[in-house]
Protein chains: 2
Amino acid sequence: MSKVSRRDKANAIRALSMDAVQRAKSGHPGAPMGMADFAEVLWSDFLKHNPNHPSWIDRDRFVLSNGHGSMLLYSLLHLTGYGLEIEQLKNFRQLHSKTPGHPEYGDTPGVETTTGPLGQGISNAVGMAIAERTLAAQFNRPDHEVINHRTWVFLGDGCLMEGISHECCSLAGTLGLGKLIAFYDDNGISIDGEVEGWFTDNTVKRFEAYGWQVVPEVNGHNSDSITHAIKAALEETDKPTLICCKTVIGYGSPNKQGKESSHGSPLGEDEVALVREELGWESDAFVIPPAIADAWNMQERGSAAEADWQQGFDLYEAAYPGLAQELKRRMDGNLPTDWARLSANKIAEISNKAEDVATRKASLNALNAFGPDLPELIGGSADLAGSNYSIWSGSMDIKENHGGNYIYFGVREFGMSAIVNGIVLHGGFKTYGATFLMFSDYARNALRMAALMQIPSIFLFTHDSIGVGEDGPTHQPIEQTASLRMIPGMSVWRPCDGVESAVAWQQAFEARSGPVSLIFSRQNLKHQPRTPEQIEAISRGGYVLKDCDGEPEAIVIATGSEVELATGAVKILSQHRIRVVSMPSTDRFLDQDEAYRQSVLPDSVTNRLLVEAGVTDGWWKFIGLKGRVMGIERFGESAPAGEVFRHFGLTEEGVAKTLQEMLKPN
Amino acid sequence: MSKVSRRDKANAIRALSMDAVQRAKSGHPGAPMGMADFAEVLWSDFLKHNPNHPSWIDRDRFVLSNGHGSMLLYSLLHLTGYGLEIEQLKNFRQLHSKTPGHPEYGDTPGVETTTGPLGQGISNAVGMAIAERTLAAQFNRPDHEVINHRTWVFLGDGCLMEGISHECCSLAGTLGLGKLIAFYDDNGISIDGEVEGWFTDNTVKRFEAYGWQVVPEVNGHNSDSITHAIKAALEETDKPTLICCKTVIGYGSPNKQGKESSHGSPLGEDEVALVREELGWESDAFVIPPAIADAWNMQERGSAAEADWQQGFDLYEAAYPGLAQELKRRMDGNLPTDWARLSANKIAEISNKAEDVATRKASLNALNAFGPDLPELIGGSADLAGSNYSIWSGSMDIKENHGGNYIYFGVREFGMSAIVNGIVLHGGFKTYGATFLMFSDYARNALRMAALMQIPSIFLFTHDSIGVGEDGPTHQPIEQTASLRMIPGMSVWRPCDGVESAVAWQQAFEARSGPVSLIFSRQNLKHQPRTPEQIEAISRGGYVLKDCDGEPEAIVIATGSEVELATGAVKILSQHRIRVVSMPSTDRFLDQDEAYRQSVLPDSVTNRLLVEAGVTDGWWKFIGLKGRVMGIERFGESAPAGEVFRHFGLTEEGVAKTLQEMLKPN
């Protein structure tokens, strides 16, 4: 029998949290202090994890969706033994610490996803739960459950107010993700004060409407009630569970608990002292009494748990060596060993076909070509499967078949994208989410989060620019390609034909350290003939597609559907020396060395024209003040695509005319 | 007794819709055909409107949130007499027609908002209902109800799956918007097919959880049931109502009704012929039998309804001439007559105070200065009132006081922004919505919709760039300012001190034809001294803040918090001739004539440095290939703001060093 009580353990979290925030002079003490009791029960008695090996593949995933409560997570990671030293907690929110203001994936062992932008953590968790169920169905065998873990989420009022919580929780209910368990920190307070002024949902009823099991009215400060609720969640295997924990924000603070004043600022030295009295916590800041530290340490239990699992895995490996190896390969994020050869061959085949094709269709062709060799492929569309061509020949609905690889996301672009991130974070998959490029707007912060986390999510966007035609300006992305390029670390590809489309997919599959946005046309585009060297060069992001003899009089840079306008214009002006550069990916081109970039865009040629059917602001660094751009700086028009292109002067003749003006001697 | 039946009238909608889609060879026949019956009941018997005067201020507002069903709305506008001629319906989805693929505000009389991007129509409608209730409370007097109208919305499965529907409907329930009535076109089909594969919400329960009245299981093809449901909605004055209409998509199409094949493509000539048979509709395409046309025409009833109202308004005007005049002024969107003088005086006062202040605080100062003269001001924050400084001295919660002017939006950035658009569309208000600049990402498509509609919504964004400090990269907007500037028609202001902040607000209030994004700092910024002429010049978007004698050796362009770095650097390099240009608004600067732009940025000076703590791609058109940029091309860091600035080299000394390198002779 331990003399350390559950309350002592929870108070360790409270003390670390308030002290770290106090020392940093900024942060959020209220949430960790309010959630400490249910966190203690979960992490002490139910969470399957091994602090000695945070990347154990069959660990439970834990997501703090209300990421501003980061000190809760840092406290837990420190206390249970993840090697997050007390010095790091003292350096909470300081430069180069492992304890940034919000939990950041990659910075801190045990942080499964970056959270803070509300509602996305729970959405990532839905993705993790999908990944677990799918991987389990694909790899487990009778008597061999090598994949069998849960996804646990903490979330608050903010997450529940955000629209994305509707999208992902509705889908989680539809998919029946029985191993997803969320704790709602129902403290009645958000930043502006008591939520009844702006948030009066009956959350129990709302989640029941989604098909969740809801455990209502749990006293979030009573360990027995919490334990009871968790057991109910474990018993329900066909529905996700929401445990509604009534808590007091800033629990333990005599003057600030239950008030928004404990939410987002240090409590103040005096109040911190009062909390110590109130909780009977006698240790100095950042000092954990040894008995409590011992009670918290999970290293031994964690290693034992993993050793148990490893024993099972060894048996599995003996029985199914191929499967075991494949599981390891996928969890390591490695492509099949012969990928380089395979993908090059497929691209060569596609080049040989020389098809004129809409690049969205070319994208499907690429999926059909690469898909059979990529069992790790999973993805879906936000209710635009037919338009996005997101269903390839090997697609199988995961709702019907848990080992499938296709997700009908419904009309939920933001939720989809955050779920894609969750699947990628879980590991074992190459994952894509598809919608119209226009609705990248709806998903934008999830795309950014993928870039910030440096994870290789794939976003498949079709129907780019005015080629959308009749649906009109609400559906014609003008600024989206350009603004996706502005997200640091997002790789953006806008291919001009079937070959570039296949290379773009190849690059997306090969990506390991950041997301890729693939942008495809609705309308047919002409095949561009290329030498094998030119095909090679596509992966450099920009390359000379048509060259002239001698120094060019002008260079036309184009992407996507405008490449054929550029090559057509140059044909019209065949008496001139004009080079056409196809630049499907500006970020990849900028990654090339100076010599290569100069070989494509030599400084000596300042007569440069950019043609892209969208806003051109981002292109001036390739063009210079002496260059010109042909783009679209206003919203589009509803009409057949060809007419809209003519309306905006984006034709072979239009490009030729502009070039001619540029070639005139001044 | 008319020999024209309700079904005949509804079939007129069906015929026009399928024929227009067929002729356009693209579009969505299914939704109009499915919704025709309840549309007929609403528009014939309940909607208060006057086709002769679509801008009648006390008309009911009608919003087609599932905007792809645009032919429903065009049919209704044509049939009831809005002057939308049959030629326009024949030109559905053609260039320069008044019948674009999705309804566009400003293109077509009677279209109250642009819809298509799902979920935003219902959100606009929530804004309209807020506007109506607020305006009524502000202007109605005992026995004088000059403002008393309803907001009606049609929406489909797509709108209900989108997260934004959660945000706005939850808030509508909390606010008890009793005059908001939505029809759910519950046809069980979305683009990917039968929704049960991805959308299994119990929508009745969900909306009850929001505090709505729900009328469930209405037969959407039975006029009596529909009438009954609408009456129930009219009787409930304290809650919004959702009427759930079970319908058959593509109703009337023997082979395609009830199937996704009727959703987004023409039915085909053969099927169109079969529909004619099935419905007994004998007229040729685009021909409405005179009796049916007569039965539909609402011009007389509409004019009578408005005349009734006008009579009441005349009495009101006699009793309250000042109020009546003020109501007209506000509905016309005019500022108070002495605004120019008033605002200039306030700006001069602010300049005289010469305060060093965080621009978010300067923004509050501006609201406090201008607010008392702007009774049309309404706004709020997405749960960041204290951080955004969105509550000014005259703010009053609209939940507590229906005539108030402050909205606690909750953590709902996208919903908030679309609601702001709805309030602006309704008329009578200058409206702002506030959040952290980072979360402009969440709201992005609503910002775009404001720009597309050319309406003067005001978006107040605080906590720009790395000045956010400890909250870290999840909360430090790096690419947001740059990408807001890419939205065509969005005016973006990033002021450098209190004076520029006040001018930015002045410009936002004066805007009539597009939205304005105001971007403010978390941290204190130095006051910049200016001559009266310089203060005048701020509204030109870019101006010379510090000049040198003779032709400059270099020009530094800066915005916001980096302006003080530029002026500081120039002080360090006082032996050099360096000009500092402050450019709070690039779009406004680009609107100036060539002569003015040259006076600020003469072609002769190619030594140009841009300093802005964010991605710099958009700046090269001001800088040229010989210029340099100091920005941030990666994500930020969690640490105190000053340290993060130093980490990225953004200091007076850093800027001076770069300038010095540029000034070295080659």
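Note that the structure is a prediction, hence the values are computed from the model and not measured.

Criteria and cut-off values
- Residues numbered from 1 in each chain as written.
- Chains lettered and ligands numbered in written order.
- Predicted model: local features only at pLDDT ≥ 70, side-chain atom pairs only at ≥ 80, totals over all residues.
- Heavy atoms only, no water.
- Pairing = 2+ DSSP bridges.
- Helix = DSSP H or I, 4+ residues; strand = E, 2+ residues; numbered from the N terminus.
- Axes fitted to C-alpha atoms, helices over the stretch in contact; angles between N-to-C directions.
- Contact = heavy atoms within 4.5 Å.
- Salt bridge = Lys/Arg side-chain N within 4 Å of Asp/Glu carboxyl O.
- Buried < 20%, exposed > 50% of the residue type's maximum accessible area, 1.4 Å probe, protein only.
- Least-squares fit on C-alpha atoms with pLDDT ≥ 70 in both.
- Phe/Tyr/Trp six-rings, centres within 6.5 Å; stacked < 30°, edge-to-face > 60°.
- Lys NZ or Arg CZ within 6 Å of the ring centre and 35° of its normal.
- Buried area = accessible area lost by both parts, 1.4 Å probe.
- Polar contact = N/O pair within 3.5 Å; in protein donor to acceptor, adjacent residues only side chain to side chain.
- Nonpolar A, V, L, I, M, F, W, Y, C, P; charged D, E, K, R; others polar.
- Expected span 1.5 Å × (residues − 1).

On to the sheet that holds strand β19 (residues 608–611) of chain A, then. Residues and elements named next belong to chain A. An order of β16-β18-β17-β19-β20 is seen for the five strands of this open sheet, with the pairing classed as mixed. Edge positions in the sheet fall to β16 (543–546) and β20 (628–630), since each has one partner strand and no second. Here the strands of the sheet are splayed against their neighbours by 30° on average, with no regard to which way each runs. As paired strands, β16 and strand β18 (residues 578–582) are joined by three bridges and run antiparallel to one another. Looking at β18, one finds that Tyr543 is bridged to Ser582. Docked against the sheet, helix α22 (residues 563–572) engages β16, β17 (554–558) and β18, running at close to 170° with respect to β18.

On to the sheet that holds strand β7 (residues 241–246) of chain B, then. Residues and elements named next belong to chain B. Strand order in the open sheet formed by five strands is β1-β2-β3-β7-β6, with parallel pairing between adjacent strands. Of all strands in the sheet, those bounded by a partner on one side alone are β1 (61–64) and β6 (213–219). Across the sheet, the mean angle separating the axes of adjacent strands is 15° when strand polarity is ignored. With six bridges joining them, strand β3 (residues 180–186) and β7 adopt parallel strand pairing. Paired with Ile181 across the two strands is Thr241, which belongs to β7.

What follows covers the pattern of salt bridges. Residue and element names in this part refer to chain A. Per the stated rule, a full pass over the model turns up 64 salt bridges over all chains. A salt bridge links Arg6 to Asp45, with the nearest nitrogen and oxygen atoms 2.3 Å apart. Of this pair, Arg6 sits in helix α1 (residues 6–24) while Asp45 sits in helix α2 (residues 30–46); the two residues are 39 residues apart in sequence, bridging distant segments of the chain. For Arg6, a relative accessible area of 29% corresponds to the partly exposed category.

This paragraph deals with the side chain of Glu132 of chain A. Within the secondary structure, Glu132 of chain A is located in helix α5 (residues 120–139). Among residues more than four places away in sequence, those in contact with Glu132 of chain A are Ile147, Asn148, His149, Lys179 and His426 of chain A.

Moving on, we come to the relation of the copies chain B and chain A. Once chain B has been moved 0.0 Å along the axis and rotated by 180°, it coincides with chain A to within an RMSD of 0.0 Å. Taken together, the rotation and translation describe the operation of a two-fold axis. No C-alpha of chain B approaches the rotation axis more nearly than that of Gly163 of chain B, which lies at 1.8 Å. When the interface residues of chain B are mapped onto chain A, 100% of them again fall at the interface, so both copies present the same face.

With that out of the way, let us pick up the pairing of strand β19 (residues 608–611) of chain B. Two faces make up the sheet, and in a regular strand the side chains alternate between them. Residue and element names in this part refer to chain B. Burial of β19 is two-sided: the residues Arg608 and Leu610 facing one way and the residues Leu609 and Val611 facing the other way are all buried. Here four bridges tie strand β17 (residues 554–558) to β19, and the two strands are oriented parallel to one another. Bridge pairing in β19 places Ile557 opposite Leu610. Sheet topology places β19 next to strand β20 (residues 628–630); three bridges connect them, and they run parallel. Looking at the pairing, Val611 lines up with Met630 of β20.

A separate point is the packing of aromatic side chains. On inspection of all chains with the given rule, the structure shows 54 aromatic pairs over all chains. An angle of 20° between the planes, with centres 5.0 Å apart, marks the rings of Trp198 of chain A and Tyr408 of chain B as stacked. Here the residue Trp198 of chain A occupies a position in the loop between β5 (193–194) and α8 (203–209), and Tyr408 of chain B occupies one in strand β10 (residues 406–408), the pair thus bridging two chains. According to the relative accessible area criterion, Trp198 of chain A is buried, its value standing at 4%. Aromatic ring contacts, followed pair by pair, group Phe38, Trp43, Phe62, Trp152, Phe154 and Phe183 of chain A into a single cluster. Looking at Arg330 of chain B, its charged tip hangs above the ring of Phe429 of chain B, at a distance of 5.0 Å from the centre.

Turning our eyes to something else, we now look at the interface of chain B and chain A. Listed as interface residues are 99 residues of chain B and, on the opposing side, 99 residues of chain A. Together, Tyr442, Arg448 and Met486 of chain B form the three largest contributors to the area buried by chain B at its contact with chain A, with a combined 9%. In this structure, the connection of chain B to chain A is made through ten salt bridges. The partner of Asp441 of chain B in a salt bridge is Arg444 of chain A, with the nearest N and O atoms 3.7 Å apart. Counting across the interface, chain B meets chain A through 48 residue pairs in polar contact (both at pLDDT 80 or more). Of the residues in the side of chain B that touches chain A, the class split is 39 nonpolar, 33 polar and 27 charged.

Turning our eyes to something else, we now look at helix α1 (residues 6–24) of chain B. Side chains of residues three or four places apart in an α-helix project in the same direction, reflecting 3.6 residues per turn. Taking 1.5 Å of rise per residue, 19 residues should cover 27 Å, and α1 of chain B covers 27 Å from first to last C-alpha, within 8% of that figure. Within α1 of chain B, 15 of the 19 residues are buried, which leaves it mostly tucked inside the rest of the structure.

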